[in-house]
Amino acid sequence: MKALITGASSGLGRDMAKYLSNLGWDLIVVARREERLKDLQTNLKTNVEIIKLDLGIEENCYRLYELTKDKNIDLLINNAGFGLFGLTTETNLNRELEMINLNIKAVHILTKLFLQDFYQKDKGRILNVASSAGFLAGPRLNTYYATKNYVLKFTLAIYEELRHQKSNVKISCLCPGPVATEFNKVAGGKFNIEEKKSYQVAKYAIDKTLKNKLIIVPGLSVRLGLFFNRFIPTKLSLKIIDIPINTSITGNNNFHIISKSIIS
């Protein structure tokens with residue numbers, strides 16, 4: 001069995017690679033930071049191929065597909081992505097567009113291209129990494145939340161198409177709450193709620209994916225938060241999600257925010 005994992009140089013992508021390797025899967029790992037991929041490669045038990053690419057650049061998504069379409073991929077994991085804290089009036093537009101390119105466009109391109117191949121073969125799996133943010137709207141992190149809404153709804157619709165077509169291709173969406181990764185460092189902010197360990201979330205995600213779970217939400221508290229959010233007014237939900245401890249904007253757009261059920 002072979003898996004292709006994007007965003008594999010750190011966090012969930014790296015830990016999913018470790019867990020899959022422990023299960024005996026060969027891997028193709030993709031990220032911008034080649035040295036980290038090499039370090040991962042040397043510490044895994046199975047065959048690992050490295051591809052250095054920035055998937056925020058559209059043509060690189062097509063290039064990745066061309067490089068790997070004949071390598072008998074059994075599982076595609078679209079994990080690459082990032083966030084950006086800050087008020088919409090003050091965040092950098094170019095950085096937000098980069099986020100949209102990586103969080104949405106890359107996921108869409110790779111999902112569609114590999115899905116078409118999987119459908120023809122009538123086998124294969126796709127795991128799209130979204131977030132519990134995909135169920136919500138997120139003041140001060142609005143573009144990130146919106147991108148994860150896209151990933152979640154895109155995945156759900158594909159699932160129903162495949163079910164209607166009686167296809168053996170499976171698709172899942174991972175929607176965790178806060179995870180101890182480099183997310184906060186890259187996004188320029190911090191959530192003052194407990195973060196789950198990355199490897200635990202990665203293991204849970206892979207186990208549920210291999211059991212054909214559609215929506216994967218690690219943690220009872222996150223699942224309960226999302227459940228009860230359905231029953232409160234939209235404006236109240238927005239207030240609950242946006243409770244800033246320190247809203248002073250520095251040069252790094254640093255925020256400290258409490259939320260009941262939010263991002264990965």
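Since this is a predicted model, take the numbers as computed values, not measurements.

Enquirer: I'd love a proper account of the overall build of the protein chain, names of residues and values included.
Expert: Looking only at helices and strands, the protein chain has nine helices and 10 strands in total. When the 264 residues of the protein chain are sorted by exposure, 50% land in the buried category. Within the protein chain, counting contacts between residues at least 6 apart in sequence, those at least 24 apart form 65% of the total. Counting only carbon and sulfur atoms, one obtains 51% of the accessible surface of the protein chain, whose full area is about 12800 Å².

Enquirer: How would you sum up the sheet that holds strand β4 (residues 75-78)? Please name residues and give values.
Expert: In space, the seven strands of this open sheet follow the order β3-β2-β1-β4-β5-β6-β8, with parallel pairing throughout. The strands lining the two open edges of the sheet, one partner per strand, are β3 (48-52) and β8 (215-216). Two strands pair when backbone bridges link them, and strand β1 (residues 2-6) and β4 are joined in this way by three bridges, in the parallel orientation. For A3, the partnering residue across the bridge sits in β4 and is L75. Sheet strands touched by helix α2 (residues 34-42): β2 (26-31) and β3. Its angle to β3, the strand with the most contacts, is close to 175°.

Enquirer: Tell me about the environment of K71, and name the residues and values.
Expert: In this fold, K71 is placed in the loop between α3 (58-68) and β4. The sequence separation of K71 and L4 amounts to 67 residues, and the corresponding C-alpha distance is 9.7 Å. Setting aside anything within four residues of it in sequence, one finds K71 in contact with K2, I28 and E49. Polar side-chain contacts of K71 include one of 3.5 Å to the side chain of E49.

Enquirer: If you had to explain the nonpolar core to someone new, which residues and values would you point to?
Expert: Ranked by size, the top nonpolar core spans 45 residues in total, and within it L4, V30, L55, L64, F114 and Y145 carry the most contacts. Elements with a contribution of two residues or more to this core: β2, α3, α4 (93-121), α5 (142-164), β6 (170-174) and α8 (220-229). Residue contributions to this core peak at 10 residues, all from α4. L40, L127, V129 and A202 belong to the second largest nonpolar core, which has 27 residues in total.

Enquirer: Which residues make up the side chain of D74, and what values do they have?
Expert: Mapped onto the elements, D74 comes out in the loop between α3 and β4. One buried charge, D74, has no salt-bridge partner; the nearest side chain with opposite charge is K123, at 5.0 Å. Not counting residues up to four positions away in its chain, the partners in contact with D74 are M1, K2, W25, F118, G124 and R125.

Enquirer: Can you break down the packing of helix α1 (residues 11-22) against α2 residue by residue, with the values?
Expert: Between α1 and α2, the shortest axis-to-axis distance is 11 Å and the interhelical angle comes to 20°. One way to sum up the angle between α1 and α2 is to call them roughly parallel. Pair α1 / α2 crosses with right-handed handedness. Residues R14, A17 and K18 of α1 lie in contact with α2, whose contacting residues are R36, D39 and L40. Among the residues making up the contact of α1 with α2, the classes are represented as two nonpolar, no polar and four charged.

Enquirer: How would you summarise α1 if you had to cite specific residues and measurements?
Expert: If you check α1, its first and last C-alpha atoms are 17 Å apart, about what 12 residues at 1.5 Å a residue would give, namely 16 Å. Judged by how many residues are buried, α1 sits mostly within the fold: 10 of 12 residues are covered. For α1, every residue scored as buried is listed here: G11, L12, G13, R14, D15, M16, A17, Y19, L20 and S21. Taken from the residues just after α1, G24 is the one with a positive phi, measuring 100°.

Calculation notes
- Sequence order as written defines the numbering, with residues in each chain counted from 1.
- Only residues with pLDDT of at least 70 are given local features in this predicted model, and only at 80 or more are side-chain atom pairs given and counted; all residues enter the totals for whole chains, interfaces and linings.
- Side-chain measures here rest on the full set of heavy atoms in the structure, leaving out hydrogens and waters.
- A run of H or I in DSSP counts as a helix once it spans at least four residues, and a run of E counts as a strand once it spans at least two, with each numbered from the N terminus.
- Each residue gets one of three labels from its accessible area relative to the maximum for its type: buried under 20%, exposed over 50%, partly exposed in between, using a 1.4 Å probe on protein chains only.
- Here a residue-residue contact requires only that any non-hydrogen atoms of the pair lie within 4.5 Å.
- In short, Shrake-Rupley with a 1.4 Å probe defines the accessible areas, and a residue's cover is counted only from the protein chains shown.
- Two strands make a pair as long as DSSP finds a minimum of two bridges between them.
- Where helices are involved, their axes are fitted lines through C-alpha atoms of the stretch in contact, as for all axes, and angles between N-to-C directions lie from 0 to 180°.
- Contacts described as polar in this section are N or O atom pairs within 3.5 Å, which, within protein, must combine one atom able to donate a hydrogen with one able to accept it, while residues neighboring in sequence count only if both atoms come from side chains.
- Working definition of a nonpolar core: buried Ala, Val, Leu, Ile, Met, Phe, Trp, Tyr and Cys residues. They are joined through side-chain atoms within 4.5 Å.
- Here the positive residues are Lys and Arg and the negative ones are Asp and Glu; neither His nor the chain ends is included.
- Any carboxyl oxygen of Asp or Glu within 4 Å of a side-chain nitrogen of Lys or Arg constitutes a salt bridge here.
- Under this scheme an angle from 65 to 115 degrees is roughly perpendicular, one under 35 degrees roughly parallel, and one over 145 degrees roughly antiparallel; angles in between are oblique.
- Here a crossing is taken to be left-handed if its near helix is turned anticlockwise relative to the far helix by less than a right angle, and right-handed if that turn runs clockwise.
- Each residue is assigned to one class: nonpolar for Ala, Val, Leu, Ile, Met, Phe, Trp, Tyr, Cys and Pro, charged for Asp, Glu, Lys and Arg, and polar for all the others, Gly among them.
- By definition here, a helix of n residues has an expected span of 1.5 Å times n minus one.

None of this, on its own, says anything about what the molecule does.
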